[in-house]
Amino acid sequence: MSVGQPVKPETDETLHTSPSIDELVGTGPVVATPLWRVRLRLMRRSLGQNWALFRENKMGMVGLVLIAMFALMAISHPILMATVWDPAIYHPLRGHHAVVQEFTIVEEVTDETTQIELNEARIRLNPFVDVGEVVRIPTQPAPPTLTGEYPHLLGTDNQGRDILSQLLFSTRAAFFLGVVAALTSVVIATTVGSVAAYFGGWIDGGLMRFADLILLMPILPLLIVMSAAMEINMVMLGVIIGILNGFGGVAIVLKSQALSIKVKAFIDAAKVAGGGDWHVIFRHIVPNVLPLTFLYMMFGITEAIAIEATLSFFGLLNVEMSWGLMIHFAQANGYLLSGTTYWWLLFPAGLAVTFMAFAFFLVGRGMDEVVNPRLRAR
Amino acid sequence: MTVISVEDMSGRSVDPRKPLLEVDDLVMHYKIKAGEVSAVDNVSFTVHQGEAVGLVGESGCGKTSVALSLLRLLPSNAEYISGQIRLDGQDLLQLTDNEMRARRWKDIAMVFQGAMNSWNPVYRVGDQIKEVLDTHFRGEMTYDEQRQHMEKLFAAVGLPAEMLDRYPHEFSGGMRQRAVIAMALACSPQLIIADEPTTALDVIVQDQILKELKRIQHEMGMSIIYISHDIAVIAEVTDSMGVMYAGKLVEYGDTADVFARPKHPYTYLLLKSTPSITGPRRQLAPLEGEPPNLLDPPTGCRFHPRCPFATEKCAMEEPPLADIGGGHRVACWHYEQVPDLEEALVR
Amino acid sequence: MTRFLARRLVQMAVLFVVFLTIVWLLLQAMPGDITNTMVGNPDIPPEVRMDIRERLGLDRPLWQQYLTYLVNFFRGEWGVSFSRYPQPVSNVIWAALPRTLVLFLTATLLAFWMGFKSGKLIAWGRGGTTEQTFIVGGVFLQTVFYPWFAIVMMWLFGFYLGWFPIGRFITAQVWQGSPFNANDMFEELIVTAFVAALVYTIGRQVVRRLATSVVWEGRFRSLLALVSVGGLVLYWYLHPGRTYAADIVHHLMLPVITLGLVTFGATMLLTRSAMLETLEDDYILTARAKGLPDKAIRDRHAARNAMLPVTTSLVLSLAFVIGGGIVTEFVFSWPGMGSLLLEAIRVSDIPLAAAILAMTGVLALFGHLVADILYSVLDPRIRIT
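Overview of the structure.

Cut-offs used in this document
Residues numbered from 1 in each chain as written. Chains lettered and ligands numbered in written order. Predicted model: local features only at pLDDT ≥ 70, side-chain atom pairs only at ≥ 80, totals over all residues. Heavy atoms only, no water. Contact = heavy atoms within 4.5 Å. Buried area = accessible area lost by both parts, 1.4 Å probe. Salt bridge = Lys/Arg side-chain N within 4 Å of Asp/Glu carboxyl O. Polar contact = N/O pair within 3.5 Å; in protein donor to acceptor, adjacent residues only side chain to side chain. Helix = DSSP H or I, 4+ residues; strand = E, 2+ residues; numbered from the N terminus. Nonpolar A, V, L, I, M, F, W, Y, C, P; charged D, E, K, R; others polar. Patch = residues over 30% accessible without salt bridge, like charges linked within 9 Å, V, L, I, M, F, W, Y side chains within 5 Å. Areas by Shrake-Rupley, 256 points an atom, 1.4 Å probe, with all protein chains shown as cover. Axes fitted to C-alpha atoms, helices over the stretch in contact; angles between N-to-C directions. Parallel < 35°, antiparallel > 145°, perpendicular 65-115°, else oblique. Pairing = 2+ DSSP bridges. 1 Å grid on protein atoms, 1.4 Å probe; cavity = no way out; pocket = protein on both sides within 12 Å on 5 of 7 lines; lining within 4 Å. Points joined across faces, edges and corners; volume = space filled by probe spheres on them. Expected span 1.5 Å × (residues − 1).

1. Considering the interface of chain C and chain A
(1) Moving on: With 44 residues of chain C at the contact, the number on the chain A side is 40 residues.
(2) Moving on: Overall, the association of chain C and chain A removes approximately 3900 Å² of surface from exposure, summing both partners, and the carbon and sulfur fraction of that is 84%.
(3) Moving on: At the boundary of chain C with chain A, the tally comes to zero salt bridges.
(4) Moving on: At the surface where chain C touches chain A, the tally comes to two residue pairs in polar contact (both at pLDDT 80 or more).
(5) Moving on: Considering every element that reaches the side of chain C that touches chain A, the biggest residue donor is helix α13 (residues 294–331) of chain C, with nine residues.
(6) Moving on: Residues of the side of chain C that touches chain A, tallied by class, amount to 36 nonpolar, six polar and two charged.

Pasting the structure below:
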């Protein structure tokens, strides 16, 4: 059902159109604003929009708050060490304090933290003590003490070192590792994904098959065996995890993002305009892929923290102090099953790892809703 | 109640004077964050046995809401304010969920908009039809009997029986549409609602489907309600038609009558804006403006902001749907002013 | 379908060779050569070391060593274990493999089944405090530090509440003087469970072909379930060694639950979002219009389609579950390949460690293959084009 020729509308009203090009660009001389400034303006505007969207999201904000708390923890340690804390006592690695605790002498010990057996007391103090007496003995590990000359808010470990100090000290390492791993993975994934998207063909196929393999490879056993081959420290671990992640799943996602219609048009246009391959890749593809990149960075940090903690827990990493290592000490020295008796050896470190991973996970989920409009509240 | 075989369905006696479905002053709105959307406002019409009724209007005019109301398939934020939907005298809005569920498909079946996606991609088409039989006639048919019935259904819509064992993605668009119609017939309903049955089909297939539906309607004495925004479709297959605008029924009557002599300004403008291949060239008169926001509908007649015949009275008082003779009903204060269309519709 | 399978198998083989190459490269990175650790071992005389060096071809050019390594691996010759000299590595691994597989499979299957069910119910229920609780719980399970979590679980349920034994494969005292061998009994458990599952699966297909109507098919299916589960239970009830078998199962439970909980959380969250998307599809409206009961719409239509993306995620989570399995075995002292790996690393038993690493690769690839096949079974659009 079509009509032969275009017909003049009955009224003289002109149709209302979208804002004219003039309005958008401005009618001044073309050279007026340098391109980089326009780009900056656009970037700031989009960042502002994205931030507004992100702020609406409760999950993301909670995550950010948690991360801020951890950042505070990391900063607080050197400050505390320089001011309030005596390094001889509170140093996470070399400090020592055998806290003097009160014990009741009994014939049979039912509670290790408050009672001491008669013979042992006689050996450690003097042969004249008897059942029922309350004696004071320096102990390690000691439960949390809030008073005294040198309070230990989270107790001490079995070498007499302050747990809180260790906890705060390890925060720095966790951040460091997370950032190294995330950055490495993002750099590699963006490059790989963009290259694969741009060149297509067998380069694309090969890279993707390789990514499939990496995705499948169980990282933990691989790292366990690697730790026997070489001494792995934080930096190395971060880089290795970053490489593995970067070539793996993230690359696949970034490639498909780079191939999305919007970016494909950029690619075609830029190719026609005569831009060199790498120029196109880095000036056009990468900026469009970046938001998704940040998203995966968050999840990458979560994974890196968990892997490091697990490896430290097994005692396979060459690190001075980390949360995982704290739990390792607890386990290696036989305090695993103590549960609530020596809880401060186990819970602070375990919760720290959990909540840090949780924080980045939440931020990632929050960003997901910004990047992926389908997920926004219906 | 046993399923009526396809042969029995042909030759069902229908009395065109007996009302099958009566929609009586239906009022319904949707609750959203911003307020209440008045989607259906005092809509009344009657479908008789063996009759084909059409409902036409722009997107968002409420015709789909009316259709879904008949089966009570509206989403949870829909509220019925007043009115009745009587099927064989019984008000469907008063039934419990379970009672309604039992009547769905068995008494009223529906052919959906975009019937392509009416099919679950992971099951065979035959199994999905069998599902309806198992639900409504559980224990009354053996597998063999079910198979025979389904094969006859497919034959009735012109599909080979082997396709019953295929998956939906193996069907072409037109075949999928026929299969949907076959499934709609499975429980031999008295009424079928066809919501945009031909959208997204190419014109040739469109024609075939419409002819098919018309044939089924006549052979099996079924009543059909056609919902469409495409006037041409309505013109081709319906006996009576209603025009809906902004949740209200503005005109209703014999299809030929409404087409030849539209009495509501909206209908008039709608028909005038439809070009015709066979008729003489004339100037198109597109409707200006947009349908109103139903969160806050206009006072008085809902069409008055766009109506060339509107007066102050139209803005203040809502015109009732009044009979102007011969079963032709119009809701307009100035229906006499609506001019005749230059040509009669060519069928 | 067979072409698809053949193609996948070839792909798997290629990937595996690449993986083996990586393992071999790692081996080369080890300080010294493989036989270094043998030097200090008094059980291994120096002539044997020389002999092994020659047999392993350590005096031949590198590429030759690589090829020999590959060939040997596929032939099942994985060398001799240093820490358990003179047992060959393959023996050690075959003994431990069933224990790891059972832990891994039971945990994964259980977790997926329960996770899918809960995710499905939550998505259908639409809001409310139950949903919030489950979501928070699910996120917690996904992000919790697993070793810590496992320790807490073991302490809570094993030590504090005493519901389960504290780690290990069996409780030695129970087995004192028993005429049965723990490993044999374990294998018997596996075989009978597998047979029961097989009977049920095949039986269902048979029933479907033979049944004449819906009602009869339903009845036969219930009967079949009764027979297979009941048969299994009856078999073990009448078995003379049932207390010993019960002991093994008792020890298995806590590690399975712990490992399963994490996968459960992830599956549940994923199923929920997949369901929420599926529920928007058109055929759901059609299903409602057809007058189907709520359960049928939820399970047969929505959930069945939600299964597709969830199965894809199965693959991705495999790598994690394998790692989690290692931690679980360590914390619970479950004598599987994970514990073996850690011990091997500790004592620098390189052949054993390398072979276990390679086996994990096999496991991962195999799991991937199974998931692929499962996906193509579930989605006819892939199978039939």
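Still more ground to cover, so stick around.
2. So, a nonpolar patch on the surface
(1) Moving on: A cluster of nonpolar side chains, contributed by Phe159, Tyr160, Leu161, Trp163 and Ile166 of chain C, occupies part of the molecular surface with about 550 Å² of accessible area.
(2) Moving on: By the element assignment, Leu161 of chain C lies in the loop between α7 (146–160) and α8 (172–175).

3. Examining unusual backbone geometry
Trans is the common state for peptide bonds, and a negative phi is the common state for residues other than glycine.
(1) Moving on: In the Ramachandran plot, Asn42 of chain B falls in the positive-phi region, its phi being about 50° despite a non-glycine side chain.
(2) Moving on: Tracing the chain through its elements places Asn42 of chain B in strand β2 (residues 35–48).

4. So, the packing of helix α5 (residues 89–125) of chain C against helix α14 (residues 337–346) of chain C
Residue and element names in this part refer to chain C.
(1) Moving on: In the contact formed by α5 and α14, the axes pass within 8 Å of each other and the chain directions differ by 135°. The orientation of α5 with respect to α14, classified from their angle, is oblique. Residues Val92, Ile93, Ala96, Leu97 and Thr100 of α5 touch α14, and the partners they reach there are Met337, Gly338 and Leu340.
(2) Moving on: When grouped by side-chain class, the residues that make up the contact of α5 with α14 number six nonpolar, two polar and no charged.

5. Things to note about the sheet that holds strand β8 (residues 223–228) of chain B
All names here are of chain B.
(1) Moving on: Taken together, eight strands build an open sheet; the order of strands is β6-β7-β8-β3-β9-β10-β12-β11 and the sheet is mixed. For this open sheet the edge positions go to β6 (108–111) and β11 (322–323), each flanked by a neighbour on one side alone.
(2) Moving on: Examined bridge by bridge, strand β10 (residues 248–254) and strand β12 (residues 329–330) share two bridges and lie antiparallel to one another. Across the sheet, residue Glu251 finds its bridge partner in β12, namely Val330.

6. Things to note about the sheet that holds strand β5 (residues 90–91) of chain B
Residues and elements named next belong to chain B.
(1) Moving on: With antiparallel pairing, the four strands of this open sheet are ordered in space as β2-β1-β4-β5. Bordering the open sheet on either side are β2 and β5, each of which pairs with just one other strand.
(2) Moving on: Two elements, strand β1 (residues 19–32) and β2, share 10 bridges in a ladder whose sense is antiparallel. Considered in β2, the bridge of Tyr30 is made with Val37.
(3) Moving on: Contacting β1, β2 and β4 (78–87), helix α2 (residues 63–71) crosses the sheet at an angle of about 110° to β1.

7. Some words on the pairing of strand β1 (residues 99–106) of chain A
All names here are of chain A.
(1) Moving on: Sheet topology places β1 next to strand β3 (residues 134–139); six bridges connect them, and they run antiparallel. In the sheet register, Thr104 faces β3, and the bridge partner there is Val134.
(2) Moving on: Sheet topology note: the β1/strand β2 (residues 115–117) ladder contains three bridges and is parallel. Of the residues in β2, the one forming a bridge with Thr104 is Gln115.

8. Some thoughts on empty space enclosed by the protein
Residues and elements named next belong to chain C.
(1) Moving on: Scanning the entire structure with this criterion turns up four cavities of 30 Å³ or more.
(2) Moving on: Taken as a whole, the largest cavity holds about 130 Å³ of empty space.
(3) Moving on: Along the walls of the largest cavity sit 14 residues, with Thr100, Ile322, Ile326, Glu329 and Thr360 positioned nearest its centre.
(4) Moving on: Looking at the lining of the largest cavity, the elements with two or more residues in it are α5, α13, α14 and α15 (350–378).

9. Some remarks on helix α6 (residues 163–199) of chain A
All names here are of chain A.
(1) Moving on: Taking 1.5 Å per residue, 37 residues should reach 54 Å; α6 reaches 53 Å between its end C-alpha atoms and fits that length.
(2) Moving on: N-cap assignment for α6: the residue whose side-chain oxygen lies 3.4 Å from the backbone N of Leu164 is Asp162.
(3) Moving on: Looking one or two residues past α6, Gly200 carries a phi angle of roughly 65°, positive in sign.

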